[in-house]
Amino acid sequence: MSEQSRPGVKAVKLKEICIKESSSLRQRDLLAEGLFPVYGAAGIAGTLNEYQIDKQYVAVIKDGAGVGRVRLCDAKTSVLGTMQALVPRDSVMPGYLLHLVRSMNLGSGFTGSTIPHIYFRDYGERTVLLPSMDQQALIVERFRQVEGAIGILNMQLAVLDDLVKSRFFEMFGDTVYNSKSLPVRKLGELIGFMTSGSRGWAKYYTEDGDWFITIKNVKNCSISVKDIQCVDAPKSKEADRTKVKEGDVLISITADLGRTGVVTKEIAEHGAYINQHLACIRIKDPSIIPMYLSYFLESPGGINQFL
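Computed from a predicted structure; not experimentally measured. (Residues numbered from 1 in each chain as written. Predicted model: local features only at pLDDT ≥ 70, side-chain atom pairs only at ≥ 80, totals over all residues. Heavy atoms only, no water.)

Q: I'd love a proper account of the overall build of the protein chain, names of residues and values included.
A: For the protein chain, the count of helices and strands is 7 helices and 17 strands. Counting all 307 residues of the protein chain, 38% fall into the buried class. Long-range contacts, defined as pairs at least 24 residues apart, comprise 70% of the intrachain contacts of the protein chain with a sequence gap of at least 6. (Helix = DSSP H or I, 4+ residues; strand = E, 2+ residues; numbered from the N terminus. Buried < 20%, exposed > 50% of the residue type's maximum accessible area, 1.4 Å probe, protein only. Contact = heavy atoms within 4.5 Å.)

Q: Explain unusual backbone geometry to me, and be specific about the residues and the numbers.
A: In this model, Lys76 sits at a positive phi of 60 degrees, which is unusual for a non-glycine residue. Along the chain, Lys76 turns up in the loop between strand E6 (70–73) and strand E7 (78–79). You can call Lys76 partly exposed: its relative accessible area is 44%.

Q: Give me helix H1 (residues 94–102): which residues, what numbers.
A: With respect to burial, H1 is a largely interior element, 8 of its 9 residues being buried. Of the residues making up H1, those classed as buried are Pro94, Gly95, Tyr96, Leu97, Leu98, His99, Leu100 and Val101.

Q: Residues and numbers for the pairing of strand E4 (residues 43–48), please.
A: Sheet analysis places strand E3 (residues 36–40) next to E4, joined by 5 bridges and oriented antiparallel. Bridge pairing links Val38 to Gly46 in E4. (Pairing = 2+ DSSP bridges.)

Q: Residues and numbers for a nonpolar patch on the surface, please.
A: Taken together, the side chains of Leu157, Leu160 and Leu163 make up a nonpolar region of the molecular surface, amounting to roughly 310 Å² of accessible area. Mapped onto the elements of the fold, Leu163 is located in helix H3 (residues 133–172). (Patch = residues over 30% accessible without salt bridge, like charges linked within 9 Å, V, L, I, M, F, W, Y side chains within 5 Å. Areas by Shrake-Rupley, 256 points an atom, 1.4 Å probe, with all protein chains shown as cover. Salt bridge = Lys/Arg side-chain N within 4 Å of Asp/Glu carboxyl O.)

Q: Tell me what's going on with the pattern of salt bridges, and back it up with residues and numbers.
A: Tallied over the full model, the rule gives 7 salt bridges. Where Glu125 meets Lys13, a salt bridge forms, and the shortest distance between an N and an O atom there is 3.0 Å. Of this pair, Glu125 sits in the loop between helix H2 (120–123) and strand E9 (127–130) while Lys13 is found in strand E1 (residues 10–13), placing the two residues 112 residues apart along the sequence. A residue is classified by how much of its surface remains accessible, and Lys13, at 30% relative accessible area, is partly exposed. We note a salt bridge from Arg26 to Asp29, for which the minimum N-O separation is 3.3 Å. Exposure remark for Arg26: the relative accessible area of 42% places this residue in the partly exposed category. The class for Asp29 is partly exposed, based on a relative accessible area of 27%. Salt bridges sharing common partners tie together Lys13, Lys15 and Glu125.

Q: Can you tell me about the nonpolar core, naming the residues and giving the values?
A: Within the largest apolar cluster, 23 residues are counted, with the highest numbers of intra-cluster contacts made by Leu14, Ile17, Val60, Leu86, Leu97, Val101 and Tyr123. Of all elements in the fold, only strand E5 (57–61), H1, H2 and E9 reach the threshold of two or more residues within this core. For this core, the element with the most residues is H1, which contributes 5 residues. Residue contacts for Val60: discarding those within four places in its chain leaves Gly68, Arg69, Val70, Thr82, Met83, Gln84, Leu86, Val101, Leu106, Ile118 and Tyr123. (Core = buried A, V, L, I, M, F, W, Y, C linked by side-chain atoms within 4.5 Å.)

Q: Now, about the side chain of Thr47: what can you tell me, with residues and values included?
A: Examined against the element boundaries, Thr47 turns out to sit in strand E4. By relative accessible area, which is 13% here, Thr47 ends up buried. At 2.5 Å, the side chain of Thr47 and the backbone nitrogen of Gly34 are in polar contact. Apart from residues no more than four positions distant in its own chain, Thr47 is found in contact with Leu30, Leu31, Ala32, Glu33, Gly34, Phe36, Pro37 and Val38. (Polar contact = N/O pair within 3.5 Å; in protein donor to acceptor, adjacent residues only side chain to side chain.)

Q: Go over the side chain of Arg259 with me, naming the residues and quoting the values.
A: Secondary-structure assignment places Arg259 in the loop between strand E14 (249–252) and strand E15 (260–262). At 3.4 Å, the side chain of Arg259 and the side chain of Glu298 are in polar contact.

Next comes the structure, spelled out in structure tokens:
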């Protein structure tokens, strides 16, 4: 039995179940201590003394970095001009609309080096499934339970991450007192090459055939698959400078300051580059292995003691 033929499930166009609200608000228009929140791409960006929408709604990033990402916004709030607000009609629950729009993957499939945009006039024409309100409530509750479980697992991972760092510190001590009398070297003596990434890799596209990747983020001494994207890498000095090799230690220099990761053989063989959020350390001394340096930098005695 198809989804459309299930009792209480209708196939409709997205534009039939929500209303798009636009905004011309800019960051400089916001107040520090207004009465009503204003959402931006990263969450609440500021406040105003008036609001744009009086009920719960779904906000979609319509262009630039994070295009297509969605969030559920509270009633009596507004959005910046970089966002589109989708206000649910009476036939759809706000929580169901959130998961519905999220499942549409609006940010995928962009090509070229220009800033990506999405338009409601396009994706509003897409056919979606609309169950009964009771079914919607059940779906929203199931997603709530899944997200709750994910939140618990993330907290457990954070605790285990701290445990690893603490264990490393217990094994090797700190660099100030060196209670274990281990050989000490200055980091600068071990480095053969060091560079920061390029803002030029902030625009991505995917193509068939040979491909390159850009590494956006590192965490827990590793590089996650979700943190790499395909990128057009022209032949230039800038590309050569930001191309990484197997064994390079990468350090986050913006969000998640001090997080590290080591470039694997598989990643390096595809041709990998770092963007402006990362710095690269290339070790010249064979007496230290990259993964050890990565763990050290994330330990309490490493770079994090200066953050």
